[in-house]
Amino acid sequence: MKKSRLLGVVCACVLSLSVISVNAAPTGIYWTDISAGTIQHAGLDGSTVKTLVSGLSNPQGLAVYEDFLIWTDRDDLLIRQANSDGSNIQVLFDTSPGAPRALTVTDDFIYWTNTLVDSISRMNRDGSGAIDLVTEGLGFPNGLAVTDTFLYWSDSGTLSIKRITLNGGDIVSVVSGLPETHLPTDLLVTSQYMYWPTRDLALTRGGDAVPGTIQRSDLDGNNIITLVDDLVFPQR
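The residue numbers shown here count from 1 along each chain, following its written sequence. Thresholds applied to this predicted model are a pLDDT of at least 70 for local features of residues and 80 or more for the giving and counting of side-chain atom pairs; totals over whole chains, interfaces and linings are not thresholded and use all residues. With hydrogens and water stripped out, all remaining heavy atoms of the structure feed into the side-chain values.

S.K.: So what's going on with the pairing of strand 14 (residues 141–146)? Residues and values would help.
M.R.: In terms of burial, strand 14 is largely enclosed, as six of its six residues are buried. Where strand 14 and strand 15 (residues 150–155) come together, five bridges link them in antiparallel fashion. If you follow Val-146 over to strand 15, its bridge partner there is Leu-151. When DSSP finds two or more bridges between a pair of strands, those strands are recorded as paired. Each helix is a run of DSSP H or I of at least 4 residues and each strand a run of E of at least 2, with the numbering of both proceeding from the N terminus. Between strand 14 and strand 15, which follow one another and run antiparallel, lie three residues. Think of it in three bands: residues with accessible area under 20% of the maximum for their type are buried, residues over 50% are exposed, and the middle band is partly exposed, with areas taken using a 1.4 Å probe on protein chains only.

So, in structure tokens, the structure goes:
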């Protein structure tokens, strides 16, 4: 299975209070900006920033796949697709009553998390055949990654990272018992490691918060280490 062509950039991204989700492809860097309601693009060296899509409500998860941009919008409850230059925007699926957040794309399927109804779903690349893959044991699934064998997700509600096989089966907790000061807010899985950014639950309560981090573990959840710390609101 060929996975979406992402270089796997893990970033700490807060710009003028705009939460940004970044992905990279051989043609450049693409990101969503929630506060601005845009999808933008720049060269791999950061040059020539362009706004590709504007006027969005709450763009969040973004995948760059072949010649397409595919993204979620938590306010419109939609998954949309556009050409890589931002043209020809189409609605692929209305996720109501879910609120789609994280998104990942393979040759055959689009996977996404719903944070209102707490589910993880899958559909064909053309938006047909949508099914719920996971509906139990979720709290606030907000990070998603797929490999040739497993579907992984981070969950800031259950303070854990879990996985199932692509064919279904039992849910396995890979990382559990994370402290409330280290909510996992996204997820990247490579052939060797899992990476995730964290933030303190106190941020949502207006209290003093522990700085955010980017952490890494082996694929079995062992050997958790902090790679970057003293961040504000890290997100991939």
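S.K.: Go over the pattern of salt bridges with me, naming the residues and quoting the values.
M.R.: One speaks of a salt bridge when a side-chain nitrogen belonging to Lys or Arg is within 4 Å of a carboxyl oxygen belonging to Asp or Glu. On inspection of all chains with the given rule, the structure shows two salt bridges. Between Asp-73 and Arg-80 there is a salt bridge; the shortest N-O distance is 3.8 Å. Just as Asp-73 is buried, Arg-80 falls in that class too. Judged by its relative accessible area of 13%, Arg-80 is buried. Taken together, the shared-partner salt bridges in this structure form one network comprising Asp-73, Asp-76 and Arg-80.

S.K.: Any chance you could break down the side chain of Asp-73 for me, citing the residues and the numbers?
M.R.: Following the sequence through the fold, Asp-73 ends up in strand 7 (residues 68–73). Classification of Asp-73 by relative accessible area gives buried; the value is 0%. Residues adjacent in sequence count toward polar contacts only when both atoms are side-chain atoms; beyond that, a polar contact is any pair of N or O atoms within 3.5 Å, and within protein one must be able to donate a hydrogen and the other to accept it. Among the polar contacts made by the side chain of Asp-73, one reaches the main-chain amide nitrogen of Asp-75 at a distance of 3.1 Å. Within the structure, the side chain of Asp-73 is placed 3.1 Å from the backbone nitrogen of Asp-76, a separation counted as a polar contact.

S.K.: Quick one: what's the story with the sheet that holds strand 12 (residues 119–124), residue by residue and with numbers?
M.R.: Reading across from one edge, 10-11-12-13 is the order of the four strands in this open sheet, with antiparallel pairing throughout. Two strands close off the open sheet at either side, each with one partner strand: strand 10 (100–105) and strand 13 (131–134). Taken over all neighbouring pairs, the strand axes of this sheet differ in orientation by 30 degrees on average, direction set aside. Axis lines are fitted through C-alpha atoms, for helices just across the contact stretch, and the angle between N-to-C directions can take any value from 0 to 180 degrees.

S.K.: Outline unusual backbone geometry, supporting the account with residue identities and numerical values.
M.R.: Pro-97 follows Ser-96 through a cis peptide bond whose omega is 5 degrees. Mapped onto the secondary structure, Pro-97 falls in the loop between strand 9 (90–94) and strand 10. For Asp-118, which is not glycine, the phi torsion reads 55 degrees and is therefore positive. Within the secondary structure, Asp-118 sits in the loop between strand 11 (109–114) and strand 12. A positive phi angle is found at Asn-223, which is not glycine, with a value near 60 degrees. Here Asn-223 is to be found in the loop between strand 21 (212–218) and strand 22 (225–231).

Geometry only, nothing functional implied.
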